[in-house]
Amino acid sequence: NKQVILKHYVTGYLNESDMELKNSTIKLDAPKGSNVVVLKNLYLSCDPYMRTRMKKIEGSYIDSFTAGSPITGYGVAKVLESGDSNFEKGDLVWGMTGWEEYSIVTPTQSTLFKIHDKDVPLSYYTGILGMPGMTAYIGFYEICSPKMGETVYISAASGAVGQLVGQFAKMLGCYVVGSAGSKEKVDLLKSKFGFDEAFNYKEEHDLNAALKRYFPDGIDIYFENVGGKMLDAVLVNMKLHGRIAVCGMISQYNLETTEGVHNLFCLITKRIRMEGFIVFDHYHLYPKYLEMIIPQIKDGKIAYIEDVAEGLENAPNALVGLFSGRNVGKQVVMISRE
Ligand code: NDP
């Protein structure tokens with residue numbers, strides 16, 4: 001069983017050399033009543049939060065990985081054996097699994113989901129039909145309280161989550177602007193995902209001025225994926241009674257000490273509601289989300305871009321790439337097609 005091991009806890013920027021590929025033996029056995037399920041992993045999801053699990057953390061919403069053990073994360077898999085009556089041999093599933101060819105997991109209601117609709121690319125269950133899709137859905141519709149015609153700004157906008165938030169906001173009749181880190185991504189935001197405007201934040205010396213250019217009357221909704229300087233620039237450009245959904249702060253994940261935010265006083269003066277959320281508190285809404293999103297995919301009303309690396313041996317490199325913006329769209333690792 002080929003596995004990707006976290007060699008040690010990581011300080012500073014994540015490198016491929018913080019992980020290593022190892023071989024181990026595994027007994028693919030799941031006795032009846034044991035509650036364990038044996039999975040053959042097909043697709044793995046590279047997600048920014050995984051970096052935060054690579055440091056020793058206490059009192060967070062999720063535990064650190066164990067140094068010296070295989071990395072775990074979201075993926076799509078096939079059930080080979082099941083001691084859990086909710087799953088059967090041959091089922092396709094998505095949820096928490098290991099960065100390895102085969103995994104033995106003990107599922108709970110919010111860690112492993114049966115895939116019913118196979119009429120879409122299976123890899124979508126790592127993205128639009130999985131955790132990032134739910135993140136965009138909950139973050140936008142539940143946390144942002146959006147209204148038609150409002151102005152919406154999304155950072156890391158071409159990624160797994162951002163590309164969806166932008167399209168949801170456009171469907172609602174909002175004015176939508178996104179930022180991303182390359183010309184290719186900026187072009188995609190406008191031509192593929194229908195954003196009204198987009199800009200390359202790496203080319204802007206003054207983020208405040210850039211935001212003023214696109215939002216002369218201010219921002220109603222900010223979907224925060226980045227944190228740091230970006231958040232500071234947004235705060236001064238928010239409208240009265242604006243809302244900020246704090247989804248992630250990827251610019252901070254590789255820092256030992258997070259940057260200070262200086263403009264929080266704007267929360268008071270502008271009566272802003274800024275709210276963080278964790279997607280897995282909302283998985284009870286997953287069936288409702290699927291009802292909405294699957295027809296939109298099949299009718300071609302929503303686009304989704306993936307960046308697929310092939311082979312478990314390329315998974316560490318794909319994960320590292322998230323932090324320099326190498327991925328264009330949802331970063332997936334394909335291990336096996338079936
Ligand atoms: P992406 O697919 O967007 O990949 C990450 C992207 O972030 C990169 O491609 C890069 O794009 C950008 N980025 C990397 N480093 C920086 C930096 N220092 N400054 C600005 N941008 C940077 O990831 P996801 O869509 O999966 O995740 C987006 C955010 O949502 C993350 O912060 C993540 O942690 C969060 N999240 C939160 C969840 C929750 O439950 N709250 C659940 C899922 C995700 P670019 O080229 O544009 O710089």
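Here is a short report on the structure shown in this document. (Residues numbered from 1 in each chain as written. Predicted model: local features only at pLDDT ≥ 70, side-chain atom pairs only at ≥ 80, totals over all residues. Heavy atoms only, no water.)

**A short note on the overall build of the protein**
Inference 1: Helix and strand counts for the protein come out as 9 helices and 15 strands.
Inference 2: Against the 2.2 N^0.38 benchmark of 20 Å for 338 residues, the protein shows a C-alpha radius of gyration of 20 Å, consistent with a compact globule.
Inference 3: Split into buried and exposed, the 338 residues of the protein put 56% on the buried side.
Inference 4: Counting only contacts in the protein whose residues sit at least 6 apart along the sequence, the fraction spanning at least 24 positions is 68%.
Inference 5: Carbon and sulfur atoms make up 51% of the accessible area of the protein, which totals about 14800 Å². (Helix = DSSP H or I, 4+ residues; strand = E, 2+ residues; numbered from the N terminus. Rg over C-alpha atoms; globule rule 2.2 N^0.38 Å. Buried < 20%, exposed > 50% of the residue type's maximum accessible area, 1.4 Å probe, protein only. Contact = heavy atoms within 4.5 Å. Areas by Shrake-Rupley, 256 points an atom, 1.4 Å probe, with all protein chains shown as cover.)

**Some thoughts on the layout of surface pockets**
Inference 1: Approximately 240 Å³ is the volume attributed to the second largest pocket.
Inference 2: Lining the second largest pocket are 13 residues, and of these Phe113, Lys114, Tyr286, Pro287 and Leu290 lie nearest its centre.
Inference 3: Those elements giving two or more residues to the lining of the second largest pocket turn out to be β7 (112–114) and α8 (286–298). (1 Å grid on protein atoms, 1.4 Å probe; cavity = no way out; pocket = protein on both sides within 12 Å on 5 of 7 lines; lining within 4 Å. Points joined across faces, edges and corners; volume = space filled by probe spheres on them.)

**Digging into the sheet that holds strand β12 (residues 238–246)**
Inference 1: Across the sheet, 6 strands lie side by side as β10-β9-β8-β11-β12-β13; this open sheet has parallel pairing. A strand with exactly one partner marks an edge of an open sheet, and here the two such strands are β10 (197–200) and β13 (273–276). Put simply, the sheet's adjacent strands are angled 15° from each other on average, direction ignored.
Inference 2: The pairing of strand β9 (residues 175–180) with β10 spans 4 bridges and is parallel. Bridge pairing in β10 links Gly178 to Ala198.
Inference 3: In this fold helix α4 (residues 183–191) packs onto β9 and β10, with an angle of close to 175° to the strand it touches most, β10. (Pairing = 2+ DSSP bridges. Axes fitted to C-alpha atoms, helices over the stretch in contact; angles between N-to-C directions.)

**A short note on the packing of aromatic side chains**
Inference 1: Here the structure, examined in full by the defined rule, presents 18 aromatic pairs.
Inference 2: Ring centres of Phe113 and Tyr283 lie 5.2 Å apart, and the angle between their planes is 80°; on these two criteria the pair is classed as edge-to-face. With Phe113 in strand β7 and Tyr283 in the loop between β13 and α8, this residue pair connects regions lying 170 residues apart in the sequence.
Inference 3: Take Phe113: its relative accessible area is 9%, and that puts it in the buried class.
Inference 4: With centroids separated by 4.8 Å and ring planes inclined at 40°, the aromatic side chains of Tyr137 and Tyr289 adopt a geometry described as tilted. Highlighted residues: Tyr137 in helix α2 (residues 131–143) and Tyr289 in helix α8, separated in sequence by 152 residues.
Inference 5: What makes Tyr137 buried here is its relative accessible area of 6%.
Inference 6: When its relative accessible area of 0% is taken as the criterion, Tyr289 is described as buried.
Inference 7: An aromatic cluster of three or more residues is present, and its members are Tyr153, Tyr175, Phe199, Tyr214, Phe215 and Tyr222. (Phe/Tyr/Trp six-rings, centres within 6.5 Å; stacked < 30°, edge-to-face > 60°.)

**Here we look at the pairing of strand β4 (residues 72–82)**
Inference 1: Sheet analysis places strand β3 (residues 37–45) next to β4, joined by 7 bridges and oriented antiparallel. Looking across to β4, one finds that Val37 is bridged to Ser82.
Inference 2: Where β4 and strand β5 (residues 92–98) come together, 7 bridges link them in antiparallel fashion. Residue pairing for β5: Val76 is matched across the bridge by Trp94.

**Thoughts on the nonpolar core**
Inference 1: Counting residues in hydrophobic clusters, the biggest one holds 83 residues, and the most contacted among them are Trp94, Tyr125 and Ile128.
Inference 2: Per element, the largest residue contribution to this core is 7 residues, and it comes from α2.
Inference 3: Residue assignment places this core across two domains, with domain 1 (2–127 + 304–334) and domain 2 (131–280) each supplying three or more.
Inference 4: Excluding its chain neighbours within four sequence positions, the residues that come into contact with Tyr125 are Val76, Trp94, Ile115, Asp117, Val120, Gly130, Tyr286 and Ile294.
Inference 5: Membership of the second largest hydrophobic core comes to 21 residues, among which are Tyr222, Ile244, Val246 and Cys266. (Core = buried A, V, L, I, M, F, W, Y, C linked by side-chain atoms within 4.5 Å. Domains from an automatic or database assignment.)

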